[in-house]
Amino acid sequence: MKKRNRILVVEDEEAIRTGLADVLVYHGYEVDQAATGPDGLRKALSGKFDLVLLDIMLPGMDGYAICNAIRENDRRQPVIMLTAKTSDEEIINGLKLGADDYVGKPFSVQQLLLRIEAVLRRSPAGEEQQRTLWLGELSIDTENLSGRRGDETLTFTRREIGILQYLAANSTRPVPREELLLKVWGYARNLDIETRTVDIHMAKLRRKIEPDPKAPVHLVTVRGAGYRLMSDD
Ligand code: CA
C-alpha cells in the first residue's frame, strides 16, 4: 500500500483545526496538530511532515516567521498558508514568496484538498533525478552536499546546492538576482536581505567550482541579466 502523506495543521482556532484534521484524516492523510506558533515551529522542523498547513495569526509566533524558519532549515518543505480573507494584496504577495501556495479563509474543503494534492505532487519525492550535477570535471552530489574533482573533495552548504540546482534547472537563460532570492532563499526582494547577498554566495561558489574563479566558465555573470550556469548538456 502507498505510504500515507503526513500533514501538520498549525492553527489556533480549535474548530478550524480539528475540522481540518477530521477532513484530512477522512481523505487518507496522517495528521498532527499544533495550536501555537512555537509548537507549530517545533513540529514543522522535525522534518516528519510531507506538508505543513500554516495559519498566519498565531499565539507566540506568526505564520510568516514560522515559514521563514522552515525555509531556512529546509528549502523544499512544502508549506501552504491559510490566510484570512481580509488580507490585503501585499500580504498575499508576501505569502507567495515563502509558501508553496496559500488558501484564503473561509476556504472550500474541496479546493483545499486540490491544492494539497498539487503541492504534494511537486514535492521533494519527485525531484530525485537531479542528484548528481556535472560541471566539467567536477561532479556534485546534491544529497551529500559534496563534490569531487579528481582527487579533490569539496563540501557545499545546503544553500549553495540550492543555488546550483536552481540555476541548473534554468540553464537555458540567465537568472536575475531577485529571482534567486525569491526561489532559493524564499525572500521577497524588499525584505531586509539585499541582492548583494547573492553576489557574496556566488563569489564563494566560484572559489569552489571554478578552475579559475577570476575567469568563470561554469557560473557566469550575464551583465544586466543575472547569473547563468553553463552545464555540459
Ligand atoms: Ca489564527
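Preceding this section is the structure that the text describes.
Here's a quick rundown of the structure.

Definitions and cut-offs
- Residues numbered from 1 in each chain as written.
- Predicted model: local features only at pLDDT ≥ 70, side-chain atom pairs only at ≥ 80, totals over all residues.
- Heavy atoms only, no water.
- Helix = DSSP H or I, 4+ residues; strand = E, 2+ residues; numbered from the N terminus.
- Contact = heavy atoms within 4.5 Å.
- Areas by Shrake-Rupley, 256 points an atom, 1.4 Å probe, with all protein chains shown as cover.
- Pairing = 2+ DSSP bridges.
- Buried < 20%, exposed > 50% of the residue type's maximum accessible area, 1.4 Å probe, protein only.
- Donors = N, O, S within 2.8 Å, 3.2 Å for Na, K, Ca; no water.

### So, the overall build of the protein
(1) Moving on: A count of helical and extended segments in the protein gives eight helices and eleven strands.
(2) Moving on: Contacts in the protein between residues at least 24 apart in sequence constitute 52% of all its contacts with a sequence separation of at least 6.
(3) Moving on: About 12700 Å² of surface is accessible on the protein, with carbon and sulfur atoms providing 49% of the total.

### So, the pairing of strand S11 (residues 226-229)
(1) Moving on: With four bridges connecting them, strand S10 (residues 219-222) and S11 associate as antiparallel partners. Counterpart to Leu-219 in the pairing with S11 is Leu-229.
(2) Moving on: Linking two consecutive strands that pair antiparallel, namely S10 and S11, is a turn of three residues; a positive phi of about 75° is found at Gly-224 within it.

### Things to note about the pairing of strand S3 (residues 51-55)
(1) Moving on: S3 sits mainly inside the fold: five of its five residues count as buried.
(2) Moving on: Burial along S3 is two-sided: Leu-51, Leu-53 and Asp-55 and Val-52 and Leu-54, pointing in opposite directions, are all buried.
(3) Moving on: Where strand S1 (residues 6-10) meets S3, four bridges bridge the pair, whose relative direction is parallel. Residue pairing in the sheet places Ile-7 in a bridge with Leu-51 of S3.
(4) Moving on: Here S3 pairs with strand S4 (residues 79-84) via four bridges, running parallel. Bridge pairing links Val-52 to Val-79 in S4.

### Concerning the environment of Ser-231
(1) Moving on: With respect to the helices and strands, the residue Ser-231 is situated in the segment after S11.
(2) Moving on: For the pair Ser-231 and Val-217, spaced 14 residues apart in sequence, the C-alpha to C-alpha distance is 9.6 Å.

### Some points on the coordination of the calcium ion
(1) Moving on: Around the calcium ion, the protein contributes the donor atoms Asp-12 (OD), Asp-55 (OD) and Met-57 (O), which lie 2.1 to 2.3 Å from the metal centre.
(2) Moving on: Mapped onto the sequence, the residues coordinating the calcium ion show the spacing D-x42-D-x1-M.
(3) Moving on: Asp-55 sits in the buried class, given a relative accessible area of 4%.
(4) Moving on: With relative accessibility at 63%, the residue Met-57 sits in the exposed group.

### Notes on the side chain of Asn-5
(1) Moving on: Within the secondary structure layout, Asn-5 lies in the segment before S1.
(2) Moving on: What makes Asn-5 buried here is its relative accessible area of 19%.
(3) Moving on: The residues contacting Asn-5, other than those within four sequence positions of it, are Tyr-29, Glu-30, Asp-50 and Leu-120.

That is the geometry; function is a separate question.
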